[in-house]
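Fold and contact review
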Amino acid sequence: MNATTGAARPRVFSGVQPTSVLHLGNYVGALQQWVKQQHERDSVFCVVDLHALTVPEAVDPARLREQTRSVAALYLAVGIEPERNVIFVQSAVREHTELTWLLNCVTPLGWLYRMTQFKSKSEGRESVGAGLLDYPVLMASDILLYDTELVPVGDDQVQHIELTRDIALRFNVLFGDVFKLPKAQVPTLGARVMGMDDPTVKMSKSIAAHRPGHAINLLDDAKTVKKTVMAAVTDSGRELRFEHASPGVRNLLAVYQVLTEKGMQEVEAEFEGAGYGHLKKALVEAVMATLEPIQARYREYMDDRAGLDALLASGADRAREVAAGTMRRVRAAMGVG
Ligand code: AMP
Ligand code: TRP
């Protein structure tokens, strides 16, 4: 995939589920990192629509298709360059599902039952699809198909990447050295953006779906962002220092720091002696300065349907080429196909 330069840049793979509009946690924890590293890495970015099928909200096919295009447009709008990186939709490359079956056969069930995301997503549900339990094996397939070295994600995904390593290692022991062992890459700041309305929980798409004021969505207008930030939970204190701040205030300071790319001391100096209102106002400005250009580019990509579809089709072709090569190795090692 790196035929143009021939240089050995480390392969990166990451993806986001098109379950709903992406939020600021997705941006800071994942997308922003992808953009920053795109010149030093050989990157593959995927819209993982097959993963989105594991949640009950994904029962509307037209909506899933539209959300998938929308997330792809957001990848482009945040600044991922399609000439330098591969951007594609997971379901367009059938090798992902084929590898999932083969890896299923070397993955002990106990490993899957231990996943905290499976536990929390299945909790309290009367009926849980097999896909929800198998979700991390599909994710392992995504990663292993591309000989991935680094997987930039927020910290909630680290357990899945460790599982991917375990599956790859087990496969290599049983069938010979086929897979590279990937590593998670978690940002030092912003790996866990907390909810605006409740700083004890991670900002999440599923909570945002039923609680306005929880998340800042990447497509929110200035009025909505202002409302959400101004209502964000803080505390009754005043001190704007990272060390002494309550979880709510620390979250606001951290998001401000990441978006403005200022150092911790610089941020503390900026707000010395100021109240929380001041911090919130500055944060609204920083959020909008980030979101407005993204939203303008997003609309351009969404308005050019044919252009976006062509970009995704060419991304899928490039991805398929690599994935097909890996599958030849896997089939040969296992004695199938
Ligand atoms: P998801 O929303 O679960 O599809 O996650 C997509 C990407 O965003 C993954 O890399 C997550 O680790 C990351 N992510 C999701 N929520 C947050 C959050 N609140 N803070 C930081 N990163 C997040
Ligand atoms: N499970 C990831 C999430 O919810 C999305 C994902 C699917 C992914 N396949 C991946 C992330 C491969 C990184 C690499 O965020």
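Residues numbered from 1 in each chain as written. Chains lettered and ligands numbered in written order. Predicted model: local features only at pLDDT ≥ 70, side-chain atom pairs only at ≥ 80, totals over all residues. Heavy atoms only, no water.

Moving on, we come to the site of ligand 1. The local shell around ligand 1 holds 18 residues, among which N26, G154, D156, V193 and M203 are the closest. Between ligand 1 and D156, the relevant distance is 2.5 Å, taken from an oxygen atom to a side-chain nitrogen or oxygen of the residue. Here a nitrogen atom of ligand 1 and a backbone polar atom of M203 are 2.9 Å apart. For ligand 1, the accessible surface in isolation is 480 Å², of which the surrounding protein chains cover 93%. Element by element, the count of residues in the shell around ligand 1 is highest for helix α1 (residues 24-37), at 4 residues. (Near = heavy atom within 4 Å. Polar contact = N/O pair within 3.5 Å; in protein donor to acceptor, adjacent residues only side chain to side chain. Areas by Shrake-Rupley, 256 points an atom, 1.4 Å probe, with all protein chains shown as cover. Helix = DSSP H or I, 4+ residues; strand = E, 2+ residues; numbered from the N terminus.)

It is worth spelling out the pattern of salt bridges at this point. Pairs may arise between side chains of opposite charge once their charged atoms sit close together. According to the stated counting rule, one finds 13 salt bridges in the structure shown. A salt bridge links R211 to D197; the shortest N-O distance between them is 2.8 Å. Of this pair, R211 sits in the loop between α9 (205-208) and α10 (222-230) while D197 sits in the loop between β5 (183-185) and α9, placing them 14 residues apart in sequence. Of the residues examined, R211 reaches a relative accessible area of 30% and is grouped as partly exposed. (Salt bridge = Lys/Arg side-chain N within 4 Å of Asp/Glu carboxyl O. Buried < 20%, exposed > 50% of the residue type's maximum accessible area, 1.4 Å probe, protein only.)

A few words on the site of ligand 2. Q17, Y135, M139, D142 and Q157 are the nearest of the 13 residues found near ligand 2. Here a nitrogen atom of ligand 2 and a side-chain polar atom of D142 are 2.7 Å apart. Protein burial of ligand 2: of its 370 Å² of free accessible surface, 91% is covered by the chains. The greatest single-element share of the shell around ligand 2, amounting to 4 residues, is contributed by helix α7 (residues 130-144). Looking at the shell around ligand 2, its residues break down into 7 nonpolar, 5 polar and 1 charged. (Nonpolar A, V, L, I, M, F, W, Y, C, P; charged D, E, K, R; others polar.)

Let us look at the domain arrangement of the protein. In terms of domain boundaries, the protein breaks down into domain 1 (11-191 + 304-334) and domain 2 (205-297). For domain 1 versus domain 2, the distance between C-alpha centres works out to 29 Å. Across the boundary between the two partners, domain 1 contributes 18 residues, which contact 16 residues of domain 2. Where domain 1 packs against domain 2, one counts 1 salt bridge. Summed over the shared surface of domain 1 and domain 2, the result is 4 residue pairs in polar contact (both at pLDDT 80 or more). (Domains from an automatic or database assignment. Contact = heavy atoms within 4.5 Å.)

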